[in-house]
Amino acid sequence: MKIYVLKRVLSLVPILFIVSIMIFMIIHVTPGDPATVMLGDTATTEQVEALRNELGLNIPIYQQYINWITGILHGDLGYSFFMRQSVTMAIISHLGPTVSLAIMAQIMAIIIGIPVGIIAANRKGSLTDQSIMGLSLLGISIPSFLLALLLILLFGVKLQWLPVAGYKALSEGMWVHLKYLILPIIALGSMQVALIARMTRNSMLEVLNMDYIKTARSKGIKERNIVYKHALRNAFLPILTIVGQSFAVLVAGAAVVETVFNIPGIGQLIINSIERRDFAVIQGIVLFVALVYVLINLVVDLLYGVIDPRVRLNHK
């Protein structure tokens with residue numbers, strides 16, 4: 001197991017290195033001088049040159065990259081010209097709402113998606129199965145921002161049950177915290193519910209048609225035990241994959257939902273940074289999201305080895 005974990009961790013190094021190069025080049029190869037874009041057309045030549053010196057844009061681009069990577073290795077993602085604080089602190093100060101929203105949306109997706117997928121698999125071809133698949137297709141098709149607007153219109157404007165925007169920290173009380181997040185959670189997590197439900201159904205159908213399941217049924221084992229103790233365990237690896245990927249997508253895709261509901265999270269931070277061309281913050285957030293995505297996939301890989309020992313044996 002130790003060798004398997006070490007191999008998976010070491011495999012992340014070249015991935016993160018390539019990702020860092022791509023992020024840096026996309027920002028710096030974009031047409032236009034960053035200092036001029038940040039200060040606007042009314043800035044004088046002296047002001048632009050002073051900002052270029054402050055941001056280190058006058059040195060060769062390869063040296064800029066080396067300085068950036070060196071700072072990252074020391075925990076420094078750069079400095080925000082507009083926010084007048086380090087990018088690391090800016091991310092930390094906006095991280096709480098995004099993490100809370102993503103975790104709760106993922107919990108909703110798992111609690112609803114997996115049982116619904118199992119029900120659909122057990123009733124293949126029935127009206128229940130067709131209804132679940134139809135609703136899941138609808139969930140995948142509706143963009144999160146459109147669903148967010150519909151939820152605001154119905155539950156916020158028409159019924160006035162829930163607030164339409166804003167955010168309250170968990171320190172102000174669980175109910176107050178949830179009241180402001182219910183609509184964003186539904187808007188963000190509905191697509192993941194649909195994806196997990198469809199993957200669970202397909203994975204369960206493959207396992208339920210195997211010979212050992214038929215043998216278990218012929219022995220008179222209860223259907224509930226067959227489904228949850230035998231079939232689900234062997235069908236869980238594909239489900240785990242989609243759960244891990246969906247959580248990474250939730251973190252990365254929270255930008256639109258946070259903007260619609262005016263939640264001060266990472267998504268809103270990157271949108272604001274793009275609007276004011278705060279390149280240091282954009283670089284830092286994109287790298288942070290990429291790191292989260294890679295780490296989540298690492299956790300999924302490690303869970304593969306825990307759930308199915310054959311995975312560890314194949315990587316020796």
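Residues numbered from 1 in each chain as written. Predicted model: local features only at pLDDT ≥ 70, side-chain atom pairs only at ≥ 80, totals over all residues. Heavy atoms only, no water.

Describing the overall build of the protein chain
Logical step 1: Summing up its helical and strand segments, the protein chain has 15 helices and 2 strands in all.
Logical step 2: In terms of overall dimensions, the protein chain has a C-alpha envelope of 85 × 60 × 35 Å along the principal axes.
Logical step 3: Here the protein chain, with 316 residues, has 40% of them falling under the buried criterion.
Logical step 4: For the protein chain, the accessible surface area stands at approximately 17100 Å², while carbon and sulfur atoms represent 67% of it.
Logical step 5: Of the side chains in the protein chain, 24 bear a positive and 16 a negative charge, and the two mean positions are spaced by 20 Å. (Helix = DSSP H or I, 4+ residues; strand = E, 2+ residues; numbered from the N terminus. Buried < 20%, exposed > 50% of the residue type's maximum accessible area, 1.4 Å probe, protein only. Areas by Shrake-Rupley, 256 points an atom, 1.4 Å probe, with all protein chains shown as cover. Lys, Arg positive; Asp, Glu negative; His and termini not counted. Charge placed at Lys NZ, Arg CZ, Asp CG, Glu CD.)

Regarding the packing of aromatic side chains
Logical step 1: Applying the stated criterion across every chain yields a total of 4 aromatic pairs.
Logical step 2: Consider the rings of Tyr65 and Trp68, whose centres lie 6.4 Å apart with planes at 55°: the pair is tilted. Placement of both Tyr65 and Trp68 in helix 5 (residues 61–73) is noted, with a separation of 3 residues, approximately one turn of the helix. Per residue, the accessibility class of Tyr65 equals that of Trp68, and both read buried.
Logical step 3: Centre to centre, the rings of Phe155 and Trp161 are 5.9 Å apart; their planes meet at 45°, and the pair counts as tilted.
Logical step 4: Judged by its relative accessible area of 59%, Trp161 falls in the exposed class.
Logical step 5: Among the aromatic residues, those joined into a cluster by ring pairs are Phe24, Tyr65 and Trp68. (Phe/Tyr/Trp six-rings, centres within 6.5 Å; stacked < 30°, edge-to-face > 60°.)

Some thoughts on the nonpolar core
Logical step 1: Judged by nonpolar contacts, the single largest core of 44 residues is most densely connected at Leu101, Ile185, Leu188, Met204 and Phe261.
Logical step 2: Those elements that place two or more of their residues in this core are helix 6 (87–122), helix 8 (144–158), helix 9 (174–208), helix 10 (211–218), helix 11 (223–252), helix 12 (254–260) and helix 14 (279–307).
Logical step 3: Grouped together as the second largest cluster of nonpolar side chains are 17 residues, Tyr65, Ile91, Ala280 and Val281 included. (Core = buried A, V, L, I, M, F, W, Y, C linked by side-chain atoms within 4.5 Å.)

Quick word on helix 4 (residues 45–55)
Logical step 1: Residues of helix 4 that are buried include every one of Val48, Leu51 and Arg52, and no others. Viewed end-on, helix 4 has its buried residues packed into an arc of 105°, placing them on one side of the element.
Logical step 2: Downstream of helix 4 by a residue or two, Gly56 has a phi angle that is positive, lying close to 70°. (Arc of directions from axis to C-beta.)

Some points on the environment of Leu208
Logical step 1: Among the secondary structure elements, Leu208 is positioned in helix 9.
Logical step 2: For Leu208, a relative accessible area of 6% translates into the label buried.
Logical step 3: When residues no more than four places from it in sequence are discounted, the contact partners of Leu208 are Ala121, Asn122, Ile213, Arg217 and Ala231. (Contact = heavy atoms within 4.5 Å.)

Re unusual backbone geometry
Trans is the prevailing form of peptide bonds, just as negative phi is the prevailing case for residues other than glycine.
Logical step 1: Phi is positive for Gln160, close to 55°, though the residue is something other than glycine.
Logical step 2: Structurally, Gln160 is set in the loop between helix 8 and helix 9.
Logical step 3: Within the chain, Asn262 stands out as a residue other than glycine whose phi angle is a positive 55°.
Logical step 4: You can see Asn262 is positioned in the loop between helix 12 and helix 13 (266–275).

A word on the UniProt feature "transmembrane region" (unreviewed entry) in the protein chain
Logical step 1: Mapped onto this structure's residue numbering, the UniProt feature "transmembrane region" (unreviewed entry) falls at residues 9–29, 99–120, 132–157, 177–197, 235–261 and 281–307.
Logical step 2: End C-alpha to end C-alpha, residues 99–120 measures 31 Å, and it is 100% helix and 0% strand. (UniProt positions renumbered as here; feature names shortened; annotations may be inferred.)

With respect to the packing of helix 6 against helix 13
Logical step 1: Running from amino to carboxyl end, helix 6 crosses helix 13 at an angle of 130°, the nearest separation of the two axes being 7 Å. If you check the angle between helix 6 and helix 13, you find them oblique. For the pair helix 6 and helix 13, contact is made by Ala90, Ile91, His94, Leu95 and Thr98 and by Ile266, Gly267 and Leu269, respectively. (Axes fitted to C-alpha atoms, helices over the stretch in contact; angles between N-to-C directions. Parallel < 35°, antiparallel > 145°, perpendicular 65-115°, else oblique.)

Comments concerning the side chain of Thr98
Logical step 1: Among the structural elements, Thr98 can be located in helix 6.
Logical step 2: Setting aside residues up to four positions removed in sequence, Thr98 forms contacts with Val251, Ala254, Glu258, Gly265, Ile266 and Gly267.

Describing the environment of Ser273
Logical step 1: With respect to the helices, strands and loops of the structure, Ser273 is situated in helix 13.
Logical step 2: The buried category is assigned to Ser273, whose relative accessible area is 0%.
Logical step 3: Residues Ser273 and Arg224, spaced 49 residues apart in sequence, show a C-alpha to C-alpha distance of 52 Å.

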